[in-house]
Amino acid sequence: MFAHELSAAGLRGAEAEAAYTACGRYLRRRNSAAFPIARFLLPPGKRPYYDAMLAFCGYADDVLDTTEQGMHERAERFDALRHEALRRIDRGTAATAGTGAGPVTAEAVLICRALAHTVRTWDMDPEGIRRFLRTLRTDLDTSSYATFEDLELYMRSVSGDMSIWVNTLLEPVDDEATVKAIALGYGVYMLDFLDDIAEDAALGRVYLPLADLERHGLSRHDLTTAAARQRMTPSLKEAVRFEAERVRRFFRLADGWHRHVHPSGQELPRQYLELGRTVLAELIRDDYDIFQRRRSTRLLCTARAGGTTARSYLRTLRHRRVHPHRVPGIPAQRADGEAKDG
């Protein structure tokens with residue numbers, strides 16, 4: 001997080017600076033390879049808000065997925081985070097930490113403060129935040145999904161809502177942008193489910209629909225056994241191929257999302273889709289073997305995305321000069337921060 005980004009976003013004062021800086025610091029520590037690449041495709045005045053969205057979602061996910069605490073402790077921490085976030089969204093930043101729902105870390109308070117400010121600044125629907133948190137919490141007590149329709153209900157409230165938040169930040173020009181944003185979110189989420197089968201199985205979760213497994217002669221036990229042994233079976237390979245084709249269809253539906261948002265933000269959805277397709281291509285190249293995929297795959301995908309970032313960034317700068325964006329409440333000539341960007 002740079003000072004000129006905070007200024008371009010109209011964020012002044014020690015409280016705002018501390019909150020949004022904490023989001024950037026958390027994301028760097030989380031070591032998300034796509035994070036630094038993606039944010040620079042946004043105008044400087046939007047980057048802090050993007051950071052707040054990603055940091056909050058990542059923090060909530062980490063609370064649920066930690067293996068260092070038991071179920072009760074994770075539930076208590078998550079409920080505290082949800083309480084802190086929602087009361088700040090409902091009542092504003094005057095809320096104080098630690099009331100009503102267990103322990104909230106200082107870092108969590110800052111991230112929730114930034115999210116609440118982002119929600120108000122961009123007029124995001126608070127019900128989407130509530131739905132996201134309510135559904136994400138089911139990870140603690142839901143270990144599988146019978147059908148894809150059941151899984152889709154989960155994804156709509158988790159990846160779908162987050163995609164809508166990002167889409168809002170990109171300033172959609174029509175309703176088609178929302179449809180395509182959600183489709184890309186679904187595709188990326190399904191890829192994550194495939195990539196994390198072993199990790200999820202260790203946490204007692206199976207995200208691939210049980211009906212899809214049965215279609216290919218697999219039981220939940222077969223999947224968890226294969227995950228524990230890190231060995232593919234012919235049936236599992238066919239199940240992964242089936243889900244990969246579903247991902248391809250989502251990406252096809254998401255194609256062109258960038259054409260339905262403000263020109264200043266078009267490179268972010270363009271690059272997200274390209275990265276998703278690169279990951280999918282690597283999975284296919286590895287003959288759908290999710291356990292023996294090369295360790296370099298993620299680095300390769302990031303490098304390929306990064307290899308186009310210079311061109312994308314130049315296109316982004318050109319778009320911003322021709323179509324300057326406006327952060328809500330900030331004069332247009334200040335919102336872009338172009339002269340100070342780098």
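See above for the structure.
These remarks concern the structure in this document. (Residues numbered from 1 in each chain as written. Predicted model: local features only at pLDDT ≥ 70, side-chain atom pairs only at ≥ 80, totals over all residues. Heavy atoms only, no water.)

## Considerations on the side chain of Ser159
Relative to the elements of secondary structure, Ser159 occurs in helix α8 (residues 148-169). When its relative accessible area of 5% is taken as the criterion, Ser159 is described as buried. Look past the residues within four positions of Ser159 in its chain and what remains in contact with it is Gly185, Tyr186 and Tyr189. (Helix = DSSP H or I, 4+ residues; strand = E, 2+ residues; numbered from the N terminus. Buried < 20%, exposed > 50% of the residue type's maximum accessible area, 1.4 Å probe, protein only. Contact = heavy atoms within 4.5 Å.)

## With respect to the packing of helix α4 (residues 47-65) against α8
Where α4 meets α8, the closest approach of the two axes is 10 Å, and the angle between their N-to-C directions is 175 degrees. The orientation of α4 relative to α8 falls into the category roughly antiparallel. Of the residues in α8, those in contact with Tyr49, Tyr50, Met53, Leu54 and Cys57 of α4 are Met162, Trp165, Val166 and Leu169. Split by residue class, the contact of α4 with α8 holds 9 nonpolar, no polar and no charged. (Axes fitted to C-alpha atoms, helices over the stretch in contact; angles between N-to-C directions. Parallel < 35°, antiparallel > 145°, perpendicular 65-115°, else oblique. Nonpolar A, V, L, I, M, F, W, Y, C, P; charged D, E, K, R; others polar.)

## What to know about the packing of aromatic side chains
Counting across every chain of the model gives 12 aromatic pairs. When the centroid spacing of 6.0 Å and the interplanar angle of 40 degrees are considered together, the rings of Tyr154 and Tyr207 count as tilted. Of the two residues, Tyr154 is situated in helix α8 and Tyr207 in the loop between α10 (197-202) and α11 (210-215); the sequence distance between them amounts to 53 residues. With a relative accessible area of 8%, Tyr207 lands in the buried category. Its guanidinium or amino end placed over the ring of Phe40, Arg39 lies 5.4 Å from that ring's centre, counting from NZ or CZ. Note that Arg246 overlies the ring of Phe148, its terminal NZ or CZ placed 3.9 Å from the centroid. (Phe/Tyr/Trp six-rings, centres within 6.5 Å; stacked < 30°, edge-to-face > 60°. Lys NZ or Arg CZ within 6 Å of the ring centre and 35° of its normal.)

## Here's the deal with the environment of Arg91
Following the sequence through the fold, Arg91 ends up in helix α5 (residues 71-91). Here the alpha-carbon distance between Arg91 and Ala116, two residues 25 residues apart in the chain, equals 9.2 Å.

## A look at empty space enclosed by the protein
Applying the stated rule across the entire model yields 2 cavities of 30 Å³ or more. Its volume calculated, the second largest cavity comes out at about 60 Å³. Broken down by element, the residue count for the lining of the second largest cavity peaks at 3 residues, all from α10. The class makeup of the residues in the lining of the second largest cavity is 7 nonpolar, no polar and 2 charged. (1 Å grid on protein atoms, 1.4 Å probe; cavity = no way out; pocket = protein on both sides within 12 Å on 5 of 7 lines; lining within 4 Å. Points joined across faces, edges and corners; volume = space filled by probe spheres on them.)

## Thoughts on unusual backbone geometry
Most peptide bonds take the trans configuration, and most residues that are not glycine carry a negative phi. One non-glycine residue, Asp123, lies in positive phi territory at about 55 degrees. Tracing the chain through its elements places Asp123 in the loop between α6 (106-121) and α7 (126-136). The phi angle at Asp287 is positive, at roughly 55 degrees, despite the residue not being glycine. Here Asp287 is to be found in the loop between α14 (267-285) and α15 (297-322). Its relative accessible area of 38% is what places Asp287 among the partly exposed residues.

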